[in-house]
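As a plain string of letters, each chain reads:
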Amino acid sequence: MGLSDYDDQVETGYSGNEEEDAASDVTEGHDEDEQMYEGEYQGIPHPDEIKEARRAARREARMKARMAAEVEEETLPEQYESIMEDCGHGRFQWTLFTVLGLALMADGVECFVVSFALPSAEKDMCLSNADKGMLGLIVYVGMMIGAVLWGSLADKLGRRQCLLYALAINCIFSFLSCFAQGYGIFIFLRLCSGIGIGGSVPIVYTYFAEFLQMDKRGEHLSWLCLFWMLGGLYASFTAWGIIPHYGWGFSMGTEFQFHSWRVFVLVCFLPSVAALAGLVFMPESPRFLLETARHDEAWMILKQVHDTNWRAKGEPERVFHVSQIKTPQTQDDEFIEIQSETGTAFQRFMVRHMTLVKQVMKNMLSLAAPDIRLHGLFIAIVWFTMAFSYYGLGAWFPDQIKYLQFEEYESNVKIFHREKVERFHFNFTLQNQVHKEGQYIHDRFINIEIRNVKFEESLFENCYFEDIRSTDTFFENCTLKNTVFYNTDLWEDSKFINCKLENTTFLHPKKGCHLNFQEENDILIYLVSFLGSLSVLPGNILACLLMDKIGRLKIIGGSMLGSAGCTFFVFLCFSQWAVVLFHCLFFAASAAAWNGIEVITVELYPASKRATAFGVLNGTCKLAAIISTFTFGKFIGITKIIPIILSLSALVCGGLLAFKLPETREVILQ
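Summarised in this report is the structure supplied together with it.

What counts, and where the lines are drawn
Residues numbered from 1 in each chain as written. Predicted model: local features only at pLDDT ≥ 70, side-chain atom pairs only at ≥ 80, totals over all residues. Heavy atoms only, no water. Helix = DSSP H or I, 4+ residues; strand = E, 2+ residues; numbered from the N terminus. Buried < 20%, exposed > 50% of the residue type's maximum accessible area, 1.4 Å probe, protein only. Contact = heavy atoms within 4.5 Å. Areas by Shrake-Rupley, 256 points an atom, 1.4 Å probe, with all protein chains shown as cover. Pairing = 2+ DSSP bridges. Axes fitted to C-alpha atoms, helices over the stretch in contact; angles between N-to-C directions. Parallel < 35°, antiparallel > 145°, perpendicular 65-115°, else oblique. Left-handed = near helix turned anticlockwise from the far one by under 90°. Nonpolar A, V, L, I, M, F, W, Y, C, P; charged D, E, K, R; others polar. Core = buried A, V, L, I, M, F, W, Y, C linked by side-chain atoms within 4.5 Å. Salt bridge = Lys/Arg side-chain N within 4 Å of Asp/Glu carboxyl O. Patch = residues over 30% accessible without salt bridge, like charges linked within 9 Å, V, L, I, M, F, W, Y side chains within 5 Å. Phe/Tyr/Trp six-rings, centres within 6.5 Å; stacked < 30°, edge-to-face > 60°.

What about the overall build of the protein?
- Summing up its helical and strand segments, the protein has 22 helices and 16 strands in all.
- Among the 670 residues that make up the protein, the fraction classed as buried is 49%.
- Across the protein, the fraction of contacts at a sequence separation of at least 24, relative to all contacts at a separation of at least 6, is 67%.
- A total of about 31,300 Å² of accessible surface is found on the protein, and carbon and sulfur atoms cover 60% of it.

Remarks on the sheet that holds strand S7 (residues 439-441)
- Read from one edge of the open sheet, 5 strands run S4-S7-S9-S12-S15, paired in parallel fashion. Strand pairing shows two members of the sheet lacking a second neighbour, strand S4 (420-422) and strand S15 (500-502), which therefore form its edges. Neighbour-to-neighbour, the strand axes of the sheet open up by a mean angle of 5°, direction not taken into account.
- Where S7 lies against strand S9 (residues 459-461), 3 bridges are found, and the strand directions are parallel. Pairing of Gln439 across the sheet is with Leu459, part of S9.

With respect to unusual backbone geometry
- Phi is positive for Glu437, which is not a glycine, with a value near 55°.
- Relative to the helices and strands, Glu437 is located in the loop between strand S6 (430-436) and S7.
- Residue class for Glu437 comes out partly exposed when judged on its relative accessible area of 31%.
- In this structure, Asp467 takes a positive phi of about 55° despite not being glycine.

Thoughts on the packing of helix H10 (residues 226-242) against helix H11 (residues 260-267)
- Two elements in contact, H10 and H11, have axes separated by 9 Å at closest approach and are oriented at 155°. Put simply, H10 runs roughly antiparallel to H11. Two packed elements cross with a definite hand, and for H10 against H11 that hand is right-handed. Here Tyr234, Ala235, Thr238, Ala239 and Ile242 of H10 lie close against H11, whose contacting residues are Ser260, Val263, Phe264 and Val267.
- Classifying every residue of the contact of H10 with H11 gives 7 nonpolar, 2 polar and no charged.

Overview of the side chain of Ser222
- Looking at the secondary structure, you find Ser222 in helix H9 (residues 214-224).
- Ser222 has contacts with Asn540, Ala543, Cys544, Met547, Asn595 and Val599, leaving out every residue within four places of it along the chain.

Details of the nonpolar core
- Among the nonpolar cores identified, the biggest contains 150 residues, and Leu135, Tyr205, Phe264, Leu279 and Tyr391 are the most heavily contacted of them.
- Per-element accounting of this core gives the leading share, 18 residues, to helix H4 (residues 91-124).
- Those residues in contact with Tyr205 that sit more than four places away from it in its chain are Leu104, Leu221, Leu224, Cys225, Glu598, Val602 and Phe614.

Some thoughts on the packing of helix H8 (residues 200-209) against H9
- Running from amino to carboxyl end, H8 crosses H9 at an angle of 145°, the nearest separation of the two axes being 10 Å. Where H8 crosses over H9, the two elements pack in a sense that is right-handed. Between H8 and H9, the residues in contact are Val204, Tyr205, Phe208 and Ala209 and Arg217, His220, Leu221 and Leu224, respectively.
- Considering only residue class, the contact of H8 with H9 consists of 6 nonpolar, 1 polar and 1 charged.

What to know about the pattern of salt bridges
- What the rule picks out here adds up to 15 salt bridges.
- We note a salt bridge from Arg159 to Glu210, for which the minimum N-O separation is 2.7 Å. Here the residue Arg159 occupies a position in helix H6 (residues 159-177), and Glu210 occupies one in the loop between H8 and H9, the gap between them amounting to 51 residues. Each member of the pair, Arg159 as well as Glu210, carries the same accessibility label: buried.
- For the salt bridge of Glu456 with Lys454, the shortest nitrogen-to-oxygen distance reads 3.4 Å.
- Take Lys454: its relative accessible area is 30%, and that puts it in the partly exposed class.
- Here the salt bridges share partners, and the residues they tie into one network are Asp155, Arg159, Glu210 and Arg610.

Describing H8
- The buried fraction of H8 amounts to 10 of the 10 residues, a majority that puts the element mostly inside the structure.
- Buried residues of H8: Ser200, Val201, Pro202, Ile203, Val204, Tyr205, Thr206, Tyr207, Phe208 and Ala209, and no others.

Topic: a nonpolar patch on the surface
- A surface patch of nonpolar side chains, about 340 Å² in accessible area, is lined by Ile172, Phe175, Leu176 and Phe179.
- On the accessibility criterion, Phe175 (36% relative accessible area) is partly exposed.

A look at the packing of aromatic side chains
- Following the criterion strictly, the structure yields 43 aromatic pairs and no others.
- Pairing Tyr391 with Trp594 gives two aromatic rings, centres 6.4 Å apart and planes at 65°, and the pair type is edge-to-face. Remark: Trp594 occurs in helix H20 (residues 576-604) and Tyr391 occurs in helix H16 (residues 370-411); sequence separation between them is 203 residues. Taken as a pair, Tyr391 and Trp594 share a single burial class, namely buried.
- An angle of 80° between the planes, with centres 5.6 Å apart, marks the rings of Phe568 and Phe569 as edge-to-face.
- According to the relative accessible area criterion, Phe568 is partly exposed, its value standing at 45%.
- The rings of Phe424, Phe426, Phe428, Tyr440, Phe445, Phe455, Phe460, Phe465, Phe475, Phe485, Phe496 and Phe506 are connected pair by pair, giving a single aromatic cluster.

Some points on the environment of Tyr526
- When you line up the elements, Tyr526 lands in helix H17 (residues 523-534).
- Along the chain, Tyr526 and Ile243 lie 283 residues apart, while their C-alpha atoms are 9.9 Å from each other.

These figures capture arrangement, not role.
And the structure:
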């Protein structure tokens, strides 16, 4: 065979014209021994083999593309970490730190507002014991709802945008609550205010963590926790300085009162206003923007961070070298945009928002995925046990101090038995007294205050009461003859129990329970809260310095077990100042645990679920606060054993379980 014939056969073998392809298709499946391809002797590949080789090459190319995409997805966190290291830590992070710190401070203030204002508010709004208990819990209910709501939305709408909405809602309803006169509207406004501020904690930590590089993350998130302490100090200090001055404010008759406690509530919403104003000038988290495929915006913000930091360090010539950011492969859903011609504006609105609700619910359910379910359960238990003890004892300590004060006060009560007072002018305060079987004839009680006084089976004849201000004063089984009450708050239907009234007259009685108050507020309670907030400072500083050195787990476990030890010694508290001491020790020991819990929560979850998970866990925390404050309050004056044992058990269980969590100290945010 000549060379030209060989070339022709090679060309024919590789060209695969239609007739030969048809012939090969016809003979497909026949016995190769009966029909043999003539080019086989020359080593020329069969056309079917060529097709198979091409198909295999295409499969291999697709496989390589998929592998490249997987590698790209896996390396996005590493690339983002490298970008943050290139941007450095400087002016931008410290500015954001201050703004987000104010938002966290507003959350700390919100936890104290109602408890400080309640003793005065109950007199202005005539609250029963049941109403007082509900008002104390409603803030935590709102914060629980807000944490879950805003945390979930922050993974879909953005960290900055949701935090702006949350703070705006808090500001509006906090301001309106200052002027609410009725109990119903006041409790509704405080609920809405709590829903707003409830979003601050889950969003603040998620937002700030996404601007930090790995070796700075633990320390600076811990420093951020100091602002919550500042919120408690701010609330305690302003309450101490404002509320005791009950005369501050104004009134319009008996229908509208604006006393000092309302001034305090008004002052307490200022941190939220400051945070809202600062947040307007902050950018969105670039990590969130990458999750939602908004790469250009993310690149611009990262460049802004880079330029701001290096310009402040005196190196404005430093160039931001990142030209392309890898695309995450986790984004599988986008908002459904409907063209204007496909439906009405209302229909488009409903579809978008129903889609958002479905996405949020899907994201929440994804927290139960097998790869994160077990660790999620462990961290939820740690959150619950820590909050159960912290908030429960935080409310129990002041109540226990009040009870010890009451016991001391009652032990000094003066008892007058069968005294007879005739034609006497009472012009001094009557306080902490019990009068039994006394006789008061032609006596005058004018322009005095009567506190914690009880008259039992006594006789008042031809007496005159004028301009009386009373607190916890009652007449029981008494007889009153020819007696006049003029401009007093000794009301016939509430202050006289099983009394016999003969020719007794009540003229111009004072209206409204706001007039039945004790002007001297208990300064010790404000001092206790102030010292308790201040005592967390050593624990916070220690956590900041050790968070990246010894790890999150040792911080959490050691702090919770140390807090359990402090709780055990509360058994030895038999005086007010002993309770104050262990109150401060408990808060100091538990501060580091809170820092570690919040840091590890940010680091456990990927960016697409981070705020949602934090919101759900923070909502769990508020649920524990509701349960513990309600439960512990029932044992005040009965026993201190049950609250202490419950707190001790919760702290020990949570502290030991914390060691089962994964250490995230050197883990890049996913």
